[in-house]
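# Notes for the structure review
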Amino acid sequence: RVVHMPRARKVRNRYFYFIVDDCSLERSFHDNKIPDMFYNIQVMNGRGGKMDMTFEHLPADEDGIGFLLLLNLLLSGLLTLLLFYRLAKSIGGDVHVAVVVVMAACACNGLSALCELVHRQSFSSNGVGSFSADCLSSHFEALSDSMVSLILLSIGAGWTLPADVVGGGLGKDAVVGKFF
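As a starting point, this report considers the structure included with it. (Residues numbered from 1 in each chain as written. Predicted model: local features only at pLDDT ≥ 70, side-chain atom pairs only at ≥ 80, totals over all residues. Heavy atoms only, no water.)

### As for the overall build of the protein
- The number of helices and strands found in the protein is six helices and two strands.
- The linear arrangement of helices and strands in the protein, starting from the amino end, is α-β-β-α-α-α-α-α.
- Looking at the 180 residues of the protein, the share that counts as buried comes to 20%.
- Surface summary for the protein: the accessible area is close to 13,900 Å², and the carbon and sulfur share equals 63%. (Helix = DSSP H or I, 4+ residues; strand = E, 2+ residues; numbered from the N terminus. Buried < 20%, exposed > 50% of the residue type's maximum accessible area, 1.4 Å probe, protein only. Areas by Shrake-Rupley, 256 points an atom, 1.4 Å probe, with all protein chains shown as cover.)

### Considerations on a nonpolar patch on the surface
- Nonpolar side chains collect at one region of the surface, where Phe16, Phe18, Val20, Met37, Tyr39, Ile41 and Val43 lie side by side and expose about 690 Å² of accessible area between them.
- With respect to the secondary-structure elements, Tyr39 resides in the loop between helix H1 (25-28) and strand E1 (45-47). (Patch = residues over 30% accessible without salt bridge, like charges linked within 9 Å, V, L, I, M, F, W, Y side chains within 5 Å. Salt bridge = Lys/Arg side-chain N within 4 Å of Asp/Glu carboxyl O.)

### Quick word on the side chain of Ser124
- Take Ser124: it is sitting in helix H3 (residues 97-126).
- Look at Ser124 and you get buried, because its relative accessible area is 13%.
- For Ser124, the residues in contact, after removing those within four places along its chain, are Glu56, His57 and Leu58. (Contact = heavy atoms within 4.5 Å.)

### What about helix H4 (residues 131-156)?
- The terminal C-alpha atoms of H4 lie 37 Å apart, and with 26 residues this matches the ideal 38 Å at 1.5 Å per residue to within 8%.
- Tucked into the core, H4 has its buried residues touching H3.
- Count one or two residues on from H4 and you reach Gly158, which has phi positive near 110 degrees. (Expected span 1.5 Å × (residues − 1).)

### Some points on the nonpolar core
- Within the largest apolar cluster, eight residues are counted, these being Ala98, Val101, Ala105, Cys108, Cys115, Phe140, Met147 and Ile151.
- Only H3 and H4 provide two or more residues apiece to this core.
- The element contributing the most residues to this core is H3, with five residues.
- Leaving out residues up to four positions away in the same chain, Cys115 has contacts with Ala133, Leu136, Ser137 and Phe140.
- Counting residues in hydrophobic clusters, the runner-up holds five residues, among them Leu83, Val99, Met103 and Cys106. (Core = buried A, V, L, I, M, F, W, Y, C linked by side-chain atoms within 4.5 Å.)

### Remarks on the environment of Val118
- With respect to the helices and strands, the residue Val118 is situated in helix H3.
- On the accessibility criterion, Val118 (44% relative accessible area) is partly exposed.
- Expressed as a C-alpha distance, the spacing of Val118 and Ser132, which sit 14 residues apart in the sequence, is 9.8 Å.

### A few points about the packing of H3 against H4
- Where H3 contacts H4, the axes come no closer than 8 Å and their chain directions differ by 155 degrees. As judged from the angle between their axes, H3 and H4 are roughly antiparallel. Classified by chirality, the crossing of H4 by H3 is left-handed. Between H3 and H4, the contacting residues are Ala98, Val101, Ala104, Ala105, Cys108, Asn109, Leu111, Ser112, Cys115, Glu116, Val118 and His119 on the first element and Ala133, Asp134, Leu136, Ser137, Phe140, Glu141, Leu143, Ser144, Met147, Val148 and Ile151 on the second. (Axes fitted to C-alpha atoms, helices over the stretch in contact; angles between N-to-C directions. Parallel < 35°, antiparallel > 145°, perpendicular 65-115°, else oblique. Left-handed = near helix turned anticlockwise from the far one by under 90°.)

Given below as structure tokens:
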């Protein structure tokens, strides 16, 4: 049976809870086999005005997360490219391992955001999402977090970073000046 709920006049978030029950079990559950139940519940969130109403599966409390993921993707990509430029510029010279690990962590963070955006777009249209994109997003996020933790724990254990990685000074001796 399809139930259509009228659109509320007040604009605020609403949460609904559904319970699926088979009342026939109260009368006929005498053997040890539980009967199969088949049901399909589809809940969609309406967005827009009266004339241009669109429906999607994303809940209202996730508004704005797509923008933050896109911003995360852009900043991670920019930082990865900057670190890669620095790495490519110093081919044949010395490169500190911290630059490589931080570059890999930024790349994994950007890939995590990209996979999460793909999953959210899929979830918005079908209500289930993409299992592969969701798993890859979690995997890349865990890799990024572990690389950052490795750097921080190594520094905390006494590992020192040379002045060309940490930076310092003003003008062309600063970290930003070293990238260009």
